Amino acid sequence: MIQINNLSKSFGDLRVLENISTEIKKGEVISIIGPSGCGKSTFMRCINLMEKPTAGEITIDGQNILAKKADVCRLRQKMGMVFQSFNLFSHLMIIENIMLAPLSLLKLPRQQAYEEGLRFLEMVGLGAKAMAFPDELSGGQKQRAAIARTLAMKPEIVLLDEPTSALDPTMVSEVLAVIRKLVASGMTMMIVTHEMKFARDVSSRVFYMDDKGIYEDGTPTQIFDAPQKPKTRAFIKKISSFAYDVQGKSFDLYELQARVEGFLTKQMFTERRIMNVQLVCEELLSGILLRTFPDAQIALTVEYSDASGEVTVQAEFEGEVYDLKSAASGELPLAIIEKYAKELSSTHREGKNTLLVVL
Ligand SMILES: Nc1ncnc2c1ncn2[C@@H]1O[C@H](COP(=O)(O)OP(=O)(O)OP(=O)(O)O)[C@@H](O)[C@H]1O
């Protein structure tokens, strides 16, 4: 459907994309992930010609869209784009926003554009908001309206550039639910996203971008569970864990708990499970370790494995051999930890204790 050959893009002296070649087939749902600033949005914007590539070829249904004579307007209609920032016209009602392009570009009769627009609004759960103005909608509703507007042009592929990153966390799931519905309808899609769990669940293919290109291209299982290349491995490890340095007993427990919550919310954990992990961290640190070693410098890591669904809380600190089970035996904090832990271990190597609690 889309063939990309040796695509490069520079902004002045800054070379962002270098010689990218790939093919996107009909029905594929491709998530693009990678570190901030690696060129994910630029790549997507080049495909839609919102950025002019510096070199290379993009062929859609056999037509090179970079050729001088290409009918860019018509080719662009084949690709619907959903942006981070909705881009709805605030002086127009939602239905008018949706009808705008079908009327002017597809030349649909007004009544037909209206009826189809309503149908797409109903599909995204906003049938009742057709006559509302954008300011009367929440962020999540605005983004769903923007998706309906894109669909109204009946594109062959939908490109979504970080569609949830401008949203309040409480509104992310309603937009992701609508995107899931599109995926289920068989739509060809490309999504730049920081929602890793979502990328893993909905994609048929994942591009990990780094080093100015598609550094690794694979199924979600390959990229998230068994990445083949070192930078992909490092990135996946980094996004599936977070580290916190605990500096003695006056450390900021509330900050730590907020970080735990933020991290696990991204992994789409339920409130209940988040509270369990927070409780284990609190009992391990304040209930046990810092009561015994008030000045200890503890490196805490919370890691989530999507493959096993397990969370590992790891506490590392220097000192004599310390065995958690025997040291805290019979105490309430350990009993609480054991209630939630599937596995509990203590090891000592080169003067450092490592305690692991797997939940
Ligand atoms: N219009 C522009 N002019 C100059 N530099 C730009 C322009 N657009 C992007 N860049 C630069 O190109 C690089 C890639 O940006 P891009 O937005 O594509 O990255 P990204 O991977 O999507 O990042 P993020 O995940 O943070 O959104 C960055 O260094 C950015 O500063």
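Residues numbered from 1 in each chain as written. Predicted model: local features only at pLDDT ≥ 70, side-chain atom pairs only at ≥ 80, totals over all residues.

1. Remarks on the packing of helix 10 (residues 253-266) against helix 11 (residues 271-292)
Basically, it comes down to this: In this description, a line fitted to the C-alpha atoms serves as the axis of each element, helices being fitted only across the stretch in contact, and the angle between N-to-C directions of two axes falls anywhere from 0 to 180 degrees. To qualify as a helix, a DSSP run of H or I must reach at least 4 residues; to qualify as a strand, a run of E must reach at least 2; elements of each kind are numbered from the N terminus. Crossings are assigned a handedness: left-handed for a near helix turned anticlockwise from the far helix by less than a right angle, right-handed for a clockwise turn. Contacts are defined on C-beta atoms placed from the backbone: any two residues whose C-beta positions lie within 7 Å are in contact. Gly counts as polar in this scheme, as do all residues outside two lists: the nonpolar Ala, Val, Leu, Ile, Met, Phe, Trp, Tyr, Cys and Pro, and the charged Asp, Glu, Lys and Arg.
Direction vectors running N to C along helix 10 and helix 11 enclose 145°, while the axes themselves pass 10 Å from each other. Between helix 10 and helix 11 lies a crossing whose hand is right-handed. Residues Leu253, Leu256, Gln257, Val260, Glu261, Leu264 and Thr265 of helix 10 touch helix 11, and the partners they reach there are Ile274, Val277, Gln278, Cys281, Glu282 and Ser286. Taken together, the residues of the contact of helix 10 with helix 11 sort by class into 7 nonpolar, 4 polar and 2 charged.

2. Side note on the sheet that holds strand 12 (residues 297-305)
Within a beta sheet, neighbouring strands are joined by backbone hydrogen bonds and run either parallel or antiparallel to one another. Rule in force here: Two strands pair under a simple rule: DSSP has to find at least two bridges between them.
The 5 strands are arranged 11-12-13-15-14 in an open sheet whose pairing can be described as antiparallel. With one partner strand each, in any of the chains shown, strand 11 (241-247) and strand 14 (343-349) form the two edges of the open sheet. Each strand of the sheet is rotated relative to its neighbour by a mean of 15°, with strand direction disregarded. Of the strands in this sheet, strand 11, strand 12, strand 13 (310-318) and strand 15 (352-358) are in contact with helix 11, which crosses strand 13 at around 20°.

3. Some words on the domain arrangement of the chain
Cut-off, in case you're wondering: For each domain, the first and last residues come from an automatic or database assignment.
The domain boundaries assigned to the chain delineate domain 1 (2-237) and domain 2 (240-358). Taking the mean C-alpha position of each, domain 1 and domain 2 sit 39 Å from one another. Across the boundary between the two partners, domain 1 contributes 7 residues, which contact 7 residues of domain 2. Mapped onto the side of domain 1 that touches domain 2, the elements with two or more residues apiece are helix 7 (196-202), helix 8 (220-225) and helix 9 (230-239). Of the residues assigned to the side of domain 1 that touches domain 2, the class counts are 3 nonpolar, no polar and 4 charged.

4. With respect to the pairing of strand 3 (residues 29-33)
Note the following rule: Exposure classes come from backbone-placed C-beta atoms, where a residue is buried if 20 or more other C-beta atoms lie within 10 Å of its own, exposed if 12 or fewer do, and partly exposed in between.
Among the 5 residues in strand 3, 5 count as buried, and that is most of the element. Judged by which residues are buried, strand 3 turns out to be covered on both faces: Val29, Ser31 and Ile33 on one side and Ile30 and Ile32 on the other are all buried. Bridge count for strand 3 against strand 8 (residues 188-192) is 4 bridges, and the pairing is parallel. The partner of Ile32 across the bridge, within strand 8, is Val192. For strand 3 and strand 9 (residues 205-210), the ladder comprises 4 bridges, and the chain directions are parallel. Within strand 9, the position partnered with Ser31 by the bridge is Val206.

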